[in-house]
Amino acid sequence: MAENVAIPTIDLSPFFTDGDEIGKVNVMNSITKACSNYGFFQIVNHGVPLDLMNHALSLSKTFFAYPDEEKQKSSPGLSSPLPAGYSKQPENSADKNEYLLMFSPSSSFNVLPSNPCDFKEVLEEMFTHFGKVGELLESILNDCLGLPLNFLKEYNHDRSWDFMVAFRYYPATNTENNGISEHEDGNCITFVIQDEVGGLQVRKNGEWIPVIPAAGRIIVNISDVIQVLSNNKFKSAAHRVVRKTGRSRYSFAFFYNIQGDKWIEPLPQFTEEIGEPPKYKGFYYKDYQALRMRNKSHPPSRPEDVIHITHYAISS
Ligand SMILES: O=C(O)CCC(=O)C(=O)O
Ligand SMILES: [Fe+2]
């Protein structure tokens, strides 16, 4: 494993400072480079208060330490498109974690815990802050890709499919340390904070690079939708979580998403306008989501049968 290769950390403060145009261009160049190479970077000065992130991680530890009976008071409702509420991976799952999933604070699907008492409020605040970071990053990516002003904002204006997950990964055993198997995310842009235990790893040029935990940093990864829209100009990052022995690991992931009825295909700016063939067939996002959910509910016995974005790839 490549211990000495760091994931770039990018300071977003120029985007919170009036008139720092040179700073903005520098940030955009760094983000363009990270997204073109392997789709992963970290951000600081992103607008999410450090106290809030620490408080959220600490309340999450309190919540997951409750007996199952208490946690299961937040079990998901049946009609929810994703299991909003508390769930545990089934015993036979390769992934060893339990999690609490929520949609936007205004969603009627949410089943948020009433204990610890300020957890619900802190989760909702986290969601709102992450949503703002999502909008900021989307507008930066829009400009990095050279798309018309506000193109992605208008194309992806419906925020109802965004969701956030608080995770607890169990300590590794002597024989087994998989927290989440290698994957790419299906949405647009993912934001992750992890506690000091660490364990998130990114694949770069065939090597696994650990993302070293650092308070206040948000890890950003480009996901499949952006990879398809940009016809592979920006890469959807392969990553996994490896568990450590002796300690549980806690993290939050925010999935800045796109509404299911959206048609996703490589944009003309990256295909016909530059004489490049599209690398993907178009698809409705909800169909891709359904296939990905099926991977989880009915895991194929052969790894090569797991559906990835390559399912829509056009072979050249
Ligand atoms: O817990 C983490 O650090 C990352 C989780 C993740 O990759 C995912 O849920 O897609
Ligand atoms: Fe992921």
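Residues numbered from 1 in each chain as written. Chains lettered and ligands numbered in written order. Predicted model: local features only at pLDDT ≥ 70, side-chain atom pairs only at ≥ 80, totals over all residues. Heavy atoms only, no water.

As recorded in an unreviewed UniProt entry, the chain goes by Flavonol synthase/flavanone 3-hydroxylase-like isoform X1 and comes from Nicotiana tabacum. Under the UniProt heading Sequence similarities (unreviewed entry), the entry covering the chain gives this text: "Belongs to the iron/ascorbate-dependent oxidoreductase family." (UniProt positions renumbered as here; feature names shortened; annotations may be inferred.)

**Student:** A description of the packing of aromatic side chains should follow, citing residues and the corresponding values.
**Tutor:** As enumerated under the stated definition, the model contains 20 aromatic pairs in all. Measuring from centroid to centroid gives 4.6 Å for Phe163 and Phe255, while their planes differ by 20°, and the two rings are stacked. A residue pair is termed long-range when its members are at least 10 positions apart, and Phe163 in strand β5 (residues 163-169) and Phe255 in strand β12 (residues 249-256) qualify at 92 residues. Using a relative accessible area of 11% as the deciding quantity, one classes Phe163 as buried. Measuring from ring centre to ring centre gives 5.7 Å for Tyr288 and Tyr312, while their planes differ by 80°; the resulting arrangement is edge-to-face. Placement of Tyr288 in helix α7 (residues 285-297) and of Tyr312 in the segment after α7 is noted, with a sequence separation of 24 residues between them. The exposure class assigned to Tyr288 is buried, which follows from its relative accessible area of 0%. When its relative accessible area of 9% is taken as the criterion, Tyr312 is described as buried. Joined through ring pairs, the aromatic side chains of Phe63, Phe64, Tyr66, Tyr86, Phe119 and Tyr250 make up one cluster. One residue, Lys24, lies across the ring of Phe15, its end atom 6.0 Å from the ring centre. (Phe/Tyr/Trp six-rings, centres within 6.5 Å; stacked < 30°, edge-to-face > 60°. Helix = DSSP H or I, 4+ residues; strand = E, 2+ residues; numbered from the N terminus. Buried < 20%, exposed > 50% of the residue type's maximum accessible area, 1.4 Å probe, protein only. Lys NZ or Arg CZ within 6 Å of the ring centre and 35° of its normal.)

**Student:** Run through the coordination of the iron ion (ligand 2), naming residues and quoting values.
**Tutor:** The protein atoms that coordinate the iron ion (ligand 2) are His183 (NE2), Asp185 (OD) and His239 (NE2), at distances of 2.1 to 2.2 Å. One chain supplies every donor to the iron ion (ligand 2), and in sequence these donors are spaced H-x1-D-x53-H. In this pair, His183 sits in strand β6 (residues 178-183) while His239 sits in strand β11 (residues 239-242), placing the two residues 56 residues apart along the sequence. Given a relative accessible area of 19%, His183 falls into the buried group. (Donors = N, O, S within 2.8 Å, 3.2 Å for Na, K, Ca; no water.)

**Student:** Go over the site of ligand 1, please, and point to the residues and values.
**Tutor:** For ligand 1, the full set of nearby residues is Phe167, Tyr169, Ile180, His183, Asp185, Val192, Leu200, His239, Val241, Arg249, Ser251 and Phe255. Within the side chain of Asp185, an N or O atom sits 3.1 Å from an oxygen atom of ligand 1. Residue Arg249 places a side-chain N or O atom 2.8 Å away from an oxygen atom belonging to ligand 1. When ligand 1 is considered free in solution it has 290 Å² of accessible area, and contact with the protein chains removes 94% of it. (Near = heavy atom within 4 Å. Polar contact = N/O pair within 3.5 Å; in protein donor to acceptor, adjacent residues only side chain to side chain. Areas by Shrake-Rupley, 256 points an atom, 1.4 Å probe, with all protein chains shown as cover.)

**Student:** Quick rundown of the sheet that holds strand β3 (residues 85-88)? Include the residues and the values.
**Tutor:** The strand order across the open sheet formed by 8 strands is β1-β2-β10-β7-β12-β5-β4-β3, and the pairing between neighbours is mixed. Strands at the two margins of the open sheet, each flanked by one partner only, are β1 (9-11) and β3. Adjacent strand axes in the sheet meet at a mean angle of 25° when their direction is disregarded. Pairing geometry for strand β7 (residues 189-194) and β12, over 6 bridges, is antiparallel. (Pairing = 2+ DSSP bridges. Axes fitted to C-alpha atoms, helices over the stretch in contact; angles between N-to-C directions.)

**Student:** Provide a residue-level description of the sheet that holds β6, including the pertinent values.
**Tutor:** Read from one edge of the open sheet, 4 strands run β6-β11-β8-β9, paired in antiparallel fashion. Looking at the sheet topology across the chains shown, the edges are occupied by β6 and β9 (207-210). Put simply, the sheet's adjacent strands are angled 30° from each other on average, direction ignored. Pairing of β6 with β11 involves 3 bridges; the strand directions are antiparallel.

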